[in-house]
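Chains, contacts and geometry: an overview
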Amino acid sequence: MSGLKLGILRLGRVAGKSKYALLDERDISIVQQHAIEPRVEVDKNGNGARIYAIAHDIGKSRGNGMYLHEFLWERHKGGIAPGWKVVHKNNITVDNRLDNLELVKNDCMVLQQQDESSGAHSKNRENSLYWITVTQLLGDPLEMNYHHFNKWYDFNGDVVDPAGESYIYYECHYPPCTRMERELREFSICGRCQEVRYCGTSCQERDWPSHKRFCRERRRHTRESTPDR
């Protein structure tokens, strides 16, 4: 990473945790005129959901926004012709560095879901630039001191109350991990606070030094209040 200049945007809370977007340092200036927010999109084929960064002009409705990766592609590479789309080479949809973006035909199956249970894939993702960068942000003062003021978004991009949402697809709560549920309530839930979810015990153990600062045992008023796992 020597000599590499990166930008990191804190998008807010979505899919159960704080989410960040990675981009080239030269593109950080877009925040002067654009608001960058997270959005969850549910796969129509039943493969769960994905998180994208959306950019829209400050002062205008979010309905006028566009994908951040498409916005950056047009900024540096020009327009996107009909029948083509911009995709993320490493399959991390918030890693919007120009080197990670690629223009392909719509019928290309480059976004095919990868087998995330394989050891080789796990090793590759933990060596990814996104994983390494976000790992260095663990202990973010904003997250530690003001986490309860963050906004949460549903898959329509609307601000929601996470406590009342039963249809949220969760992403693994460990910050650098980008694994996301393919089915509702697929991931295991923290047995103490019963709020955050993890893709496996490895990420849960890694996140514990940070999560334990906020983890509080949830009081149950009735047996029926036990959350759906």
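Residues numbered from 1 in each chain as written. Predicted model: local features only at pLDDT ≥ 70, side-chain atom pairs only at ≥ 80, totals over all residues. Heavy atoms only, no water.

1. Notes on the overall build of the protein
Regarding its fold elements, the protein presents five helices and eleven strands. In the protein, of all internal contacts separated by at least 6 residues, the share reaching a separation of at least 24 is 50%. Total accessible area on the protein stands at roughly 12900 Å², and carbon and sulfur atoms take up 47% of it. (Helix = DSSP H or I, 4+ residues; strand = E, 2+ residues; numbered from the N terminus. Contact = heavy atoms within 4.5 Å. Areas by Shrake-Rupley, 256 points an atom, 1.4 Å probe, with all protein chains shown as cover.)

2. Observations concerning the packing of aromatic side chains
Enumeration over the complete set of coordinates arrives at two aromatic pairs. With a centroid separation of 5.2 Å and an interplanar angle of 55°, the aromatic rings of Tyr52 and Tyr67 are classed as tilted. Taken together, the positions of Tyr52 in strand S4 (residues 49-57) and Tyr67 in strand S5 (residues 66-67) put the pair 15 residues apart, joining distant regions of the chain. Relative to Tyr174, the ring of Trp131 has its centre 5.7 Å away and its plane inclined at 65°; by these criteria the two rings are edge-to-face. Here Trp131 is found in helix H3 (residues 129-135), whereas its partner Tyr174 is found in the loop between strand S9 (159-160) and strand S10 (188-189), with 43 residues between them in sequence. The burial state of Trp131 is the same as that of Tyr174; both residues are buried. The lysine or arginine in question, Arg197, covers the ring of Tyr170, its NZ or CZ lying 5.2 Å from the ring centre. (Phe/Tyr/Trp six-rings, centres within 6.5 Å; stacked < 30°, edge-to-face > 60°. Buried < 20%, exposed > 50% of the residue type's maximum accessible area, 1.4 Å probe, protein only. Lys NZ or Arg CZ within 6 Å of the ring centre and 35° of its normal.)

3. Points about the confidence of the model for the protein
On average, residues of the protein score 79 in pLDDT, and 73% of them reach the 70 mark or higher. Mean pLDDT values over the elements of the protein span from 43, in helix H4 (residues 141-146), up to 96, in helix H1 (residues 68-77). Considering only residues more than four positions removed or in separate chains, one finds that residues 110-119, a stretch of pLDDT under 50, has 19 contacts. Low pLDDT, under 50, characterises residues 162-166; the predicted model gives this stretch six contacts beyond four residues in sequence or across chains. (pLDDT = per-residue confidence, 0-100.)

4. Some details on unusual backbone geometry
Notably, Ala15 is not glycine yet its phi reads approximately 55°, a positive angle. By secondary structure assignment, the location of Ala15 is in the loop between strand S1 (6-14) and strand S2 (17-24). The backbone of Gln194 shows a phi angle near 55°, a positive value even though the residue is not glycine. Checked against the element boundaries, Gln194 lands in the loop between S10 and strand S11 (197-198).

5. What about the UniProt feature "domain: MYND-type" (unreviewed entry) in the protein?
The UniProt record annotates "domain: MYND-type" (unreviewed entry) at residues 177-215. Its end C-alpha atoms 19 Å apart, residues 177-215 is made of 28% helix and 10% strand. (UniProt positions renumbered as here; feature names shortened; annotations may be inferred.)

6. Overview of the side chain of Asn96
Among the secondary structure elements, Asn96 is positioned in the loop between strand S6 (84-88) and strand S7 (101-105). Polar side-chain contacts of Asn96 include one of 2.8 Å to the side chain of His88. Once residues lying within four places of it in the same chain are set aside, the contact partners of Asn96 are Leu22, Leu23, Ala53, Leu68, His69, Leu72, His88 and Leu101. (Polar contact = N/O pair within 3.5 Å; in protein donor to acceptor, adjacent residues only side chain to side chain.)

7. Regarding the sheet that holds S4
Taken in spatial order, the three strands make up an open sheet running S3-S4-S5, and their pairing is antiparallel. Since the sheet does not close on itself, it has two edges, and those belong to strand S3 (34-42) and S5, each with one partner. In this structure, S3 lies alongside S4, joined through nine bridges in antiparallel fashion. By the bridge assignment, Val40 is partnered in S4 with Ile51. (Pairing = 2+ DSSP bridges.)

8. Section: the state of the cysteines
Taken as a whole, this structure holds zero disulfides when the rule is applied. As a non-bridged cysteine, Cys199 has Cys172 as the owner of its nearest cysteine sulfur, 3.7 Å distant. (Disulfide = S-S within 2.5 Å.)

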